[in-house]
Amino acid sequence: ALAEQAYTMRGWCRYLMGDGPGALEIFEAFIGKYPKSEWTPDVMFWIGEFHYNQGEYSDAERRFQTLAEQHPKSPLADSALYWAGRSAFMLKESRRANEYFVKLMKQYPASPKRPEARYAQGEALCALGEFAGAILIYEELIKEFPGNAIENAAWLRKGDSQFTLGAENPKRYEEAMVSYQTVMDQPDAPKVLREEAEYKVGRCLEKLNRLDQAFERYMNVVYDFAQGATPVTRDAELWFTRAAFNAAELKEGEKSWKKAVNIYQRVVDARVPAGLDAAERIRKMRLDHWLFFY
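Described below are features of the structure shown in this document.

### Some points on helix H15 (residues 275-288)
Along an α-helix, residues three or four positions apart point the same way, because every turn accommodates 3.6 residues. An ideal rise of 1.5 Å per residue puts 20 Å on 14 residues; H15 measures up with 20 Å between its terminal C-alpha atoms. Among all positions of H15, only Gly275, Ala278, Ile282 and Met285 are buried. Buried positions in H15, seen along its axis, are confined to an arc of 85° and lie on one side of it. More than 90 degrees from the buried face of H15, the exposed residues found are Leu276 and Leu287. Where H15 is buried, its residues meet helix H13 (234-253) and helix H14 (257-269).

This is the structure:
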C-alpha cells in the first residue's frame, strides 16, 4: 500500500515542481499498474482536472465519466459527474451535459454538488433553447436550496429566461422584472449582482416602451459606479458600460444630443475599456449635430 501511495506522491511532486506533463505521465502509468488502488479515483480526478484546465474538454469528460462509472462509491464520484457535465457543456454538447447533471441528482441525493448541478442544468437547457424548462429548474433550485450562495444567480438566470420568452409574450417581461427585483431586494446579495439586476429591469422596461422608467434604472447603475458605490470589477464595469450606453441611446432617440454626450462622457471619464467607443460616439455626435453644441 505504501508503494502505491509513493507512486502517486511522485506525480504530485512533479506537478508541484511545475511539470504538469511529467505528472500526467506518472499518473497515467499509475492507473495502468494499480487500477484498483484506493488512490486511483484521486488520480483519475486529477487527470480530468488537468485536461479541463488545458481546455482539452473531450479528454476531461472521458476521464470524469470513467471515474464515475468505475468508482461509483468514491467520495469523488458525484463531483466527477458534475465535471463531466461541465466538460460536455464546454464542447457545446448541452443535452449530454444535462444527462450527467440529471444522473448526479438521481444517484447522489445528498451530494453537496446538487445546487451547482441544478444551476448547470438550467444553463444547459438555456443553451438548447428550452427556456421554459430552464425556468422550472431554477425555481426548483431556489425552492430546494434557500439561502444557498447560488440562489441569487438562479434568480438572475430565471429572469434572463423569462426575458428571452418575452419576445413572444410581453407578459414575460413583467415576470422577469419580478425575478430581477428579488435580487435587488436581497441586502446580502453582492452589489454587482444587484447592479446587474437593476440594469436588466431597465432592459425589460425598455422592451415594454416605458422609456422614462428604463432611463432612470440605467442611470441608477451609472451613478452608483461613478460615485464609487460599486466595487470596481470587470463585471461592475460591464454593467456600468451597458447601462450608460443604453441610457445614452435613449437620449439619442429623443434627439437630446447634449444629454447623450454627457452620459457617454461618464464612460470616458471612468477609464473603462469601452471609453474609446464612447469617445468616438461623442466625436461623431458633435460633428453630425454641431449646431446643438453652440
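### Re the nonpolar core
If you look at the biggest cluster of nonpolar residues, it comprises 53 residues, and the most contacted ones within it are Tyr180, Cys204, Tyr218, Tyr264 and Val267. If you tally residues by element for this core, the top one is H13, at 9 residues. Once you skip the residues sitting within four places of it in the chain, Cys204 turns out to touch Phe163, Tyr173, Ala176, Met177 and Tyr180. Listed in part, the 35 residues of the second largest apolar core include Val43, Phe50, Phe64 and Ala88.

### What about the packing of aromatic side chains?
Within this structure, the stated rule accounts for 19 aromatic pairs. Geometrically, the ring pair formed by Trp12 and Trp46 is edge-to-face, given 6.3 Å between the ring centres and 85° between the ring planes. One end of the pair, Trp12, is in helix H1 (residues 2-16); the other, Trp46, is in helix H3 (residues 40-53), with 34 residues separating them in the sequence. For Trp12, a relative accessible area of 26% gives the class partly exposed. Taking relative accessible area as the criterion, Trp46 reaches 7% and is therefore assigned buried. The cationic tip of Lys251 hangs over the ring face of Phe215; the distance from NZ or CZ to the ring centre is 4.3 Å.

### With respect to the side chain of Asn98
You can see Asn98 is positioned in helix H6 (residues 94-107). According to the relative accessible area criterion, Asn98 is buried, its value standing at 15%. Discounting residues that sit within four places of it in the chain, Asn98 has contacts with Gln121, Ala124 and Leu125.

Cut-off values and rules
For every chain, the first residue of the written sequence is number 1, and numbering continues from 1 onward in sequence order. The predicted nature of this model means local features are confined to residues of pLDDT at least 70 and side-chain atom pairs, given and counted, to a pLDDT of 80 or more, with totals for whole chains, interfaces and linings taken over all residues. Side-chain descriptors were evaluated using all non-hydrogen atoms of the structure, hydrogens and water having been removed beforehand. Each helix corresponds to a stretch of at least 4 residues labelled H or I by DSSP, and each strand to a stretch of at least 2 residues labelled E; elements are numbered beginning at the N terminus. Here the expected length of a helix is defined as 1.5 Å per residue gap, with one fewer gap than residues. A simple rule labels every residue: compare its accessible area, found with a 1.4 Å probe on the protein chains alone, to the largest value its type can have, and call it buried under 20%, exposed over 50%, or partly exposed in between. Here, the arc refers to the directions that run from the helix axis to the C-beta atoms. We call two residues contacting when some pair of their heavy atoms lies within 4.5 Å. Among the buried residues, those of types Ala, Val, Leu, Ile, Met, Phe, Trp, Tyr and Cys that are joined through side-chain atoms within 4.5 Å form a nonpolar core. Only rings of Phe, Tyr and Trp enter the pairing, Trp through its six-membered ring, and a pair is recorded when the two centres are within 6.5 Å. The plane angle decides the type: under 30 degrees is stacked, over 60 is edge-to-face, the rest tilted. A ring is considered to have a charge above it if a Lys NZ or an Arg CZ atom is located within 6 Å of its centre and within 35 degrees of its normal.

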